Amino acid sequence: MRNMLDTLSFRVSPEDEYNHPVDDAKNFNESMYINIFDFNRAMGGWFRVGNRPNEGNAEVTCCLYIPDGSVGFIFSRPNISSNESLDAAGLKFEVQEPLKRIRVTYGGPVCLLKNPHEMAKPMKAFAENPIVDCSVALDFQAVGPVFGGEMVNKDGSPFQEPPEEAFAKAHYEQHMSGAGTIRVQEREWKIDGFGLRDHSWGPRYWQNIFWYRWLPMNFGPDLGFMFMIMGREDGNHQMMGIMLENGRYVPFRDVELQTEWDENYYQTALKVKAGTDDGVHEIEGRVLSLIPLRNRRKNEAGDVLETRITEGMTEYRYRGRVGYGMSEYLDQIIHGEPAGKEKG
């Protein structure tokens, strides 16, 4: 398994917080994503706006994990004509201080699912579950530096991939604290917790990675982790891992992942073992609530390509501490089955 940090470097500046010029790639994407989990309530959610100006639309998602086990979810592709802001279909990202403070607001509907697994068949799920009003207002503050940025080779030369194979030209992540309110129908919760956000730009198709496992997690203002393992169709793997420790990031040399699955190959529990210069770190995760999502696209030959992304709110345990985060598992669906089943 190859460590991506051995071959790539990153560069980022405060100006990168704002939207970037659109290049000629049809699949140019600029997106922001953020998640948050309140440790005391064991609830949270995640939000994403992804502009695709050359395709004339945005991808907008709001997903809320509610304490009673239900999930509030909405996805839409509103029309857009530019890449001036990340503000569509009621969901808005506002940079208040570059690389330090972000505000996220949403006002609009969500589909309220008592059984989130029903979203495996989205048309049926939206038709058979109530659509209710929702509002979100959250302010986020960095608890660590930015990790990542525009990808370059170790010699400083640009890292380039064909647009039809790329997933992002640039991507950075950052652990955050967050506070505010979430309201679903007449229920309102004051939220105070931790999460992770990312910002990406460049060509992207969801079908350009065979499978991946993305594990962002927080244990408080002083400790967090992020792991990414990506599998290729040729059987090779790539990995990346970092630990936020008292305001600085420590990279991992190697990462091993073991996953427990249910009958649908949805993740139910996991174990991470990762090595740094000071030894081995082991983390256990238990999925509390999971919603399966999908993305479909026709290729030039007219074939329908399908990607499944299972989004699990996950409780993590590390050296006597309890934290929360996501386990996001992406798989291409090949002959009706996830490409990375039993992997990781």
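Residues numbered from 1 in each chain as written. Predicted model: local features only at pLDDT ≥ 70, side-chain atom pairs only at ≥ 80, totals over all residues. Heavy atoms only, no water.

**Considering the overall build of the protein**
And then number 1: The helix and strand tally for the protein stands at one helix and 23 strands.
And then number 2: Expected size for 344 residues packed as a compact globule is a radius of gyration near 20 Å; at 19 Å, the protein falls within 12% of this value.
And then number 3: C-alpha extents for the protein along the principal axes are approximately 55 × 50 × 45 Å.
And then number 4: For the protein, the proportion of its 344 residues judged to be buried stands at 55%.
And then number 5: Sequence-distant contacts in the protein: of pairs separated by 6 or more residues, those separated by 24 or more amount to 61%.
And then number 6: Total accessible area on the protein is roughly 15,200 Å²; 46% of this is exposed by carbon and sulfur atoms.
And then number 7: Across the protein, the mean location of the 38 positive side-chain charges is 3 Å away from that of the 51 negative side-chain charges. (Helix = DSSP H or I, 4+ residues; strand = E, 2+ residues; numbered from the N terminus. Rg over C-alpha atoms; globule rule 2.2 N^0.38 Å. Buried < 20%, exposed > 50% of the residue type's maximum accessible area, 1.4 Å probe, protein only. Contact = heavy atoms within 4.5 Å. Areas by Shrake-Rupley, 256 points an atom, 1.4 Å probe, with all protein chains shown as cover. Lys, Arg positive; Asp, Glu negative; His and termini not counted. Charge placed at Lys NZ, Arg CZ, Asp CG, Glu CD.)

**Some details on the packing of aromatic side chains**
And then number 1: A full pass over the atoms with the stated rule returns 16 aromatic pairs.
And then number 2: Between Phe-37 and Tyr-65, the aromatic rings sit 6.4 Å apart at their centres with planes inclined by 35 degrees, giving tilted as the arrangement. Highlighted residues: Phe-37 in strand 3 (residues 28-38) and Tyr-65 in strand 5 (residues 57-65), separated in sequence by 28 residues. Comparing Phe-37 with Tyr-65, the two get one shared label, buried.
And then number 3: Measuring from ring centre to ring centre gives 6.1 Å for Tyr-172 and Trp-201, while their planes differ by 75 degrees; the resulting arrangement is edge-to-face. Placement of the pair is Tyr-172 in strand 12 (residues 170-184) and Trp-201 in strand 13 (residues 187-203), with a sequence separation of 29 residues. This pair shows no difference in class: Tyr-172 is buried, exactly as Trp-201 is.
And then number 4: By way of ring pairs, the aromatic residues Phe-219, Phe-225, Phe-227, Phe-252 and Tyr-318 are connected into one cluster.
And then number 5: When the ring centre of Trp-206 is taken as reference, the NZ or CZ atom of Arg-204 above it lies at 4.9 Å. (Phe/Tyr/Trp six-rings, centres within 6.5 Å; stacked < 30°, edge-to-face > 60°. Lys NZ or Arg CZ within 6 Å of the ring centre and 35° of its normal.)

**Some thoughts on the pattern of salt bridges**
And then number 1: Enumeration according to the criterion identifies 20 salt bridges in this entry.
And then number 2: For Arg-48, the salt bridge goes to Glu-59, with nearest N and O atoms at 2.9 Å. Highlighted residues: Arg-48 in strand 4 (residues 43-52) and Glu-59 in strand 5, separated in sequence by 11 residues. For the pair shown, Arg-48 and Glu-59 are each scored as buried.
And then number 3: Two residues, Glu-128 and Lys-124, come together in a salt bridge whose shortest N-O distance is 3.0 Å. Within this pair, Glu-128 and its partner Lys-124 are both found in helix 1 (residues 122-128), separated by four residues, close to a single helical turn.
And then number 4: Classification of Lys-124 as partly exposed rests on a relative accessible area of 47%. (Salt bridge = Lys/Arg side-chain N within 4 Å of Asp/Glu carboxyl O.)

**With respect to the environment of Glu-84**
And then number 1: Looking at the secondary structure, you find Glu-84 in the loop between strand 6 (71-76) and strand 7 (87-88).
And then number 2: By relative accessible area, which is 70% here, Glu-84 ends up exposed.
And then number 3: Remark: the alpha-carbon pair of Glu-84 and Asp-24, spanning 60 residues in sequence, is separated by 16 Å.

**Observations concerning the side chain of Ser-70**
And then number 1: Mapped onto the secondary structure, Ser-70 falls in the loop between strand 5 and strand 6.
And then number 2: On the accessibility criterion, Ser-70 (6% relative accessible area) is buried.
And then number 3: Within the structure, Ser-70 has its side chain in polar contact with the side chain of Asp-68 (distance 2.6 Å). (Polar contact = N/O pair within 3.5 Å; in protein donor to acceptor, adjacent residues only side chain to side chain.)

**Overview of the pairing of strand 15 (residues 223-231)**
Regular strands place side chains that alternate from one sheet face to the opposite one.
And then number 1: Burial analysis of strand 15 places nine of its nine residues in the buried class, which makes it a mostly covered element.
And then number 2: Two strands pair when backbone bridges link them, and strand 14 (residues 211-220) and strand 15 are joined in this way by nine bridges, in the antiparallel orientation. In the sheet register, Trp-214 faces strand 15, and the bridge partner there is Met-228.
And then number 3: Between the antiparallel neighbours strand 14 and strand 15 lie two residues. (Pairing = 2+ DSSP bridges.)

**Observations regarding unusual backbone geometry**
And then number 1: Located in the positive-phi region is Leu-99, a residue other than glycine, with phi close to 65 degrees.
And then number 2: Mapped onto the fold, Leu-99 is located in the loop between strand 8 (91-97) and strand 9 (101-113).
And then number 3: Given the relative accessible area of 18%, Leu-99 is considered buried.

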